[in-house]
Amino acid sequence: MNELTRKQQDVFAYLLSNDKQFAYPPTLDEACAALGLNSRGSLHKHIKALIEAGLVEAPDRKQKGIRLTAKAKLQVPQDNELTGTPFVGFIAAGQPIEAIEQQSYINIPDQIKTDNTCYILQVKGDSMIEEGIFDGDWVIIEQRSSARNGEIVVALIDKAEATLKFIEQYPHEVLLIPANSNLSAMKYRPDQVEIQGVLVGQMRSYTK
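Residues numbered from 1 in each chain as written. Predicted model: local features only at pLDDT ≥ 70, side-chain atom pairs only at ≥ 80, totals over all residues. Heavy atoms only, no water.

The next thing to look at is the confidence of the model for the protein chain. Do not read the predicted coordinates in detail wherever pLDDT is low. For the protein chain, per-residue confidence averages 81 on the pLDDT scale, and 83% of positions sit at 70 or higher. Taken as a whole, residues 76–82 scores under 50 in pLDDT and shows 8 contacts with residues more than four places along the chain or in a different chain. (pLDDT = per-residue confidence, 0-100. Contact = heavy atoms within 4.5 Å.)

Take the pairing of strand S6 (residues 152–157) next. With 6 of its 6 residues buried, S6 lies for the most part within the structure. Relative to strand S7 (residues 161–170), S6 runs antiparallel, the two sharing 6 bridges. The residue bridging Ile152 from the neighbouring strand is Phe166, located in S7. Taken together, S6 and the strand that follows it, S7, pair antiparallel across an intervening segment of 3 residues, in which Asp158 is found at a positive phi of about 55°. Bridge count for S6 against strand S10 (residues 193–203) is 5 bridges, and the pairing is antiparallel. Across the sheet, residue Val154 finds its bridge partner in S10, namely Gly197. (Buried < 20%, exposed > 50% of the residue type's maximum accessible area, 1.4 Å probe, protein only. Helix = DSSP H or I, 4+ residues; strand = E, 2+ residues; numbered from the N terminus. Pairing = 2+ DSSP bridges.)

What follows covers the pattern of salt bridges. Tallying each qualifying case throughout the model produces 6 salt bridges. Between Arg40 and Asp29 there is a salt bridge whose closest N-O contact spans 3.5 Å. Of this pair, Arg40 sits in helix H3 (residues 40–52) while Asp29 sits in helix H2 (residues 28–35), placing them 11 residues apart in sequence. Given the relative accessible area of 47%, Asp29 is considered partly exposed. With its nearest N and O atoms 3.5 Å apart, the salt bridge here joins Glu151 to Arg144. Residue classification places Glu151 among the buried positions, given a relative accessible area of 13%. Overall, the relative accessible area of 26% leaves Arg144 in the partly exposed class. Here the salt bridges do not stand alone but share partners, grouping Glu142, Arg144, Arg148 and Glu151 into one network. (Salt bridge = Lys/Arg side-chain N within 4 Å of Asp/Glu carboxyl O.)

Across soluble globular proteins, nonpolar side chains show a tendency to be buried alongside one another. Counting 19 residues, the largest nonpolar core has Leu15, Leu43, Ile47 and Leu50 as its most contacted members. Those elements that provide at least two residues to this core are helix H1 (6–21), H2 and H3. The element best represented in this core is H1, accounting for 5 residues. Counting residues in hydrophobic clusters, the runner-up holds 16 residues, among them Tyr119, Ile141, Ala179 and Leu199. (Core = buried A, V, L, I, M, F, W, Y, C linked by side-chain atoms within 4.5 Å.)

A few words now on the packing of H2 against H3. Where H2 contacts H3, the two axes come as close as 10 Å, and the packing angle between them is 100°. By the angle class used here, H2 and H3 are roughly perpendicular. The residues of H3 that touch H2, namely those facing Leu28, Asp29, Ala31, Cys32 and Leu35, are Arg40, Leu43 and His44. The residue makeup of the contact of H2 with H3, split by class, is 5 nonpolar, 1 polar and 2 charged. (Axes fitted to C-alpha atoms, helices over the stretch in contact; angles between N-to-C directions. Parallel < 35°, antiparallel > 145°, perpendicular 65-115°, else oblique. Nonpolar A, V, L, I, M, F, W, Y, C, P; charged D, E, K, R; others polar.)

Spelled out as structure tokens, the structure:
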């Protein structure tokens, strides 16, 4: 199966959510509105990638709406808290907040996680909005202690505060960089920052 980009994962997560909650699949216009996309053309590109991955049915004049394939629906595990991905609390996309660990389990599609150990955090704040990560989103984190420059990481600061940011690492300094032009990068000594994982997926609820 083709690897999905984060934007394609976002579209796929929306379609899965819609499939569970509504009787009819969404139209292109409905999906654009729900996903905050201004252009049907950009959505078409994401849908084409999902068709190539075998997750969305090819367009059919007899059927309206964006329909998931049977294969895609099989990717959603049955509810079983022992086989889900652990949800361990909240992560700041703003100023760092106190690290919280309140573990429960959430079932998520295989397409938005990796084969390595992953966990889920819920985003608080707006410092990553220009990367499409909004307050209230859930992010899937691959647990690891190292990252490449430019990746989005969960960083534990001074062993007390956790934040979600782009990372740039230098011998004498670590920068945690927001995706919000109104905010500035945070600078720390390397010994102050501990990488807890790297962003690999994202989910969003469209219910009010």
